[in-house]
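Below, each chain spelled out in residue letters.
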Amino acid sequence: MTNAMEFKPDTRLWSNRARNLNPYVPGEQPKHDNLCKLNTNENPFPPSPKVAEAIGKVLVDQAQALRLYPAPESDDLRQALADAYGLTVNQVFVGNGSDEVLALVFASFFMKERPLLAPDISYSFYPVYADTFGIELANIPLRDDFSIETNDYRQPCSGIIIANPNAPTGILLSLESIDKLASEHPNVVVVIDEAYIDFAKTEEGAPASAVSLINKHDNLLVTQTFSKSRSLAGLRVGMAFGNPSLIEALTRMKNSFNSYPLDRLAQAGALGSVQDSAYFEQVCEQVIELREQLTAQLTELGFEVLPSQANFVFARPEQGNASEIAQQLREQGIIVRYFSQPRIDEYLRITVGTAEQNQRLITALQQLLD
Ligand SMILES: *Cc1c(COP(=O)(O)O)cnc(C)c1O
């Protein structure tokens, strides 16, 4: 964002493809101390202690030594995920972060003549991948309240991708709607990007994940990540769950690009995390509770807060300008995300922090808005 943007490269040796790329710009990772970093939806709590333990073992165990290549298909990790989610191992794919899994998904399923359908407001990596792979992307507008109207997806397409809960709104699409969407589009892959699903519940308080539907729909692919709910954004592990034929397409695409996307440390650490479900569930509950507190506090300050089922909230100040507020918070070392994009340029996306971080934000906002 800083030096890289100022550098004007000589592109004469580049391919046309490289010249025409529009890369994704991640939320910044500033290096200052005492920063209240609420801009990239990382988990404010550390990962399970089992993660460091498992990684430590790899470093000292000669049978697992780093001089050796890792398991190309991450068999142990996939088996553990299959067990944890009530699936078979051939219904599970893993990759170097769900961003990589999504790239393979785009290449495997959406490079077809028809457009890919996605909500107009969604994860900003989708248009980037569409561009990278030469896929036409048709944006389907969300309703005025930012919810998804599934009937609007009834049109010829190469596939559908929806983040659920959606980013950056945090709004959850019901399992009934996903069930209907998958039924109505039997000839294309419907991808549900569940980066934040572990912070969501159905109205009855049950798990909201569409993983429960993949045995019913051969065309339903669900992606998830260790980055948010498992506090492992730095380890880079993501996964996809679906019918074995979909998983096989992803595996072939992976092996046509990089046979070893998950290194030994990542496989071991992720396995350690999956094996500590009690810790995982407790962290998710804590984040959900903190989200509800933060929502109430922001509402009290006059913000309109969308009903979030994620580990962030999307909030519009009653007075004042969102972009200016973000700038003023930054001057106090509090970083939130602002998108200067039509329809959402009056909102701030705020990651749920620890109780202390959230309080620091609220105190700063109280002073700013006074
Ligand atoms: C964070 C995020 C991802 C990417 O997660 P990684 O596993 O860290 O690559 C994918 N989709 C959405 C909607 C996200 O917010």
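Residues numbered from 1 in each chain as written. Predicted model: local features only at pLDDT ≥ 70, side-chain atom pairs only at ≥ 80, totals over all residues. Heavy atoms only, no water.

## Points about helix α5 (residues 97-110)
Here comes step 1: The end-to-end C-alpha distance of α5 is 20 Å, a good match for the 20 Å that 14 residues give at a rise of 1.5 Å each.
Here comes step 2: Burial within α5 is extensive, with 13 of its 14 residues counted as buried. (Helix = DSSP H or I, 4+ residues; strand = E, 2+ residues; numbered from the N terminus. Expected span 1.5 Å × (residues − 1). Buried < 20%, exposed > 50% of the residue type's maximum accessible area, 1.4 Å probe, protein only.)

## Examining the sheet that holds strand β2 (residues 92-95)
Where strands meet in a sheet, backbone hydrogen bonds hold them as pairs that are either parallel or antiparallel.
Here comes step 1: Taken in spatial order, the 7 strands of this open sheet run β2-β8-β7-β6-β5-β3-β4, and their pairing is mixed. Only two strands of the sheet have a single neighbouring strand rather than two, namely β2 and β4 (137-140). Going from strand to strand, the sheet's axes swing by 20° on average, the running direction of each strand aside.
Here comes step 2: With 4 bridges joining them, strand β3 (residues 116-119) and β4 adopt parallel strand pairing. (Pairing = 2+ DSSP bridges. Axes fitted to C-alpha atoms, helices over the stretch in contact; angles between N-to-C directions.)

## Observations concerning the packing of aromatic side chains
Here comes step 1: Within this structure, the stated rule accounts for 13 aromatic pairs.
Here comes step 2: Considering the side-chain rings of F146 and Y347, the 5.6 Å spacing of their centres and the 85° angle between planes classify their relative orientation as edge-to-face. Taken together, the positions of F146 in the loop between β4 and β5 (159-163) and Y347 in the loop between β11 (334-336) and β12 (348-351) put the pair 201 residues apart, joining distant regions of the chain.
Here comes step 3: Taking relative accessible area as the criterion, F146 reaches 6% and is therefore assigned buried.
Here comes step 4: Owing to a relative accessible area of 4%, Y347 belongs among the buried residues under this scheme. (Phe/Tyr/Trp six-rings, centres within 6.5 Å; stacked < 30°, edge-to-face > 60°.)

## Some details on the site of the ligand
Here comes step 1: Taken together, G97, S98, D99, Y123, D193, A195, Y196, T225, S227, K228 and R236 make up the full set of residues adjacent to the ligand.
Here comes step 2: Here the element with the most residues in the shell around the ligand is α5; it accounts for 3 residues.
Here comes step 3: In the shell around the ligand, the residues fall into 3 nonpolar, 4 polar and 4 charged. (Near = heavy atom within 4 Å. Nonpolar A, V, L, I, M, F, W, Y, C, P; charged D, E, K, R; others polar.)

## Some words on a nonpolar patch on the surface
Here comes step 1: A grouping of L59, V60 and L66 is seen on the molecular surface, where their side chains present a nonpolar patch of about 310 Å² in accessible area.
Here comes step 2: Checked against the element boundaries, V60 lands in helix α3 (residues 49-60).
Here comes step 3: Exposure remark for V60: the relative accessible area of 65% places this residue in the exposed category. (Patch = residues over 30% accessible without salt bridge, like charges linked within 9 Å, V, L, I, M, F, W, Y side chains within 5 Å. Areas by Shrake-Rupley, 256 points an atom, 1.4 Å probe, with all protein chains shown as cover. Salt bridge = Lys/Arg side-chain N within 4 Å of Asp/Glu carboxyl O.)

## Some words on the domain arrangement of the protein chain
Here comes step 1: You can read the domains of the protein chain as domain 1 (28-47 + 278-369) and domain 2 (49-275).
Here comes step 2: One C-alpha centre belongs to domain 1, the other to domain 2; they are set 25 Å apart.
Here comes step 3: Counting residues at the interface gives 29 residues for domain 1, matched by 28 residues for domain 2.
Here comes step 4: Of all residues in domain 1, F280, Q309 and R343 give up the largest surface area on contact with domain 2, accounting jointly for 31% of the area buried on that side.
Here comes step 5: Between D120 and R343 there is a salt bridge, with its nearest N and O atoms 2.9 Å apart.
Here comes step 6: On the surface where domain 1 and domain 2 come into contact, there are 12 residue pairs in polar contact (both at pLDDT 80 or more). (Domains from an automatic or database assignment. Contact = heavy atoms within 4.5 Å. Buried area = accessible area lost by both parts, 1.4 Å probe. Polar contact = N/O pair within 3.5 Å; in protein donor to acceptor, adjacent residues only side chain to side chain.)

## Brief notes about the pairing of strand β6 (residues 189-193)
Here comes step 1: For β6, a buried count of 5 out of 5 residues is recorded, marking the element as mostly surrounded by other parts of the structure.
Here comes step 2: Two elements, β5 and β6, share 5 bridges in a ladder whose sense is parallel. Looking at β6, one finds that I161 is bridged to V191.
Here comes step 3: The handedness of the β5 to β6 crossover, carried by helix α7 (residues 175-184), is right-handed.
Here comes step 4: Pairing geometry for β6 and strand β7 (residues 220-225), over 4 bridges, is parallel. From the neighbouring strand, V191 faces β7, where its bridge partner is L221. (Right-handed = clockwise from strand over helix to strand, strands pointing away.)

## Examining the side chain of S158
Here comes step 1: Within the secondary structure, S158 sits in the loop between β4 and β5.
Here comes step 2: Judged by relative accessible area, S158 falls into the buried class, the value being 1%.
Here comes step 3: A distance of 3.4 Å separates a polar atom in the side chain of S158 from the backbone oxygen of F110.
Here comes step 4: With residues up to four places along the chain from it excluded, the contact list for S158 reads F109, F110, K112, R114, P115, L116, V188 and V189.

## Observations regarding the pairing of strand β8 (residues 238-241)
Here comes step 1: Burial along β8 is two-sided: G238 and A240 and M239 and F241, pointing in opposite directions, are all buried.
Here comes step 2: Bridge analysis of β2 against β8 gives 4 bridges, and the strand direction is antiparallel. When the bridges of β8 are listed, V94 appears paired with M239.
Here comes step 3: Note: β7 against β8, 4 bridges, orientation antiparallel. Bridge pairing in β8 places Q224 opposite M239.

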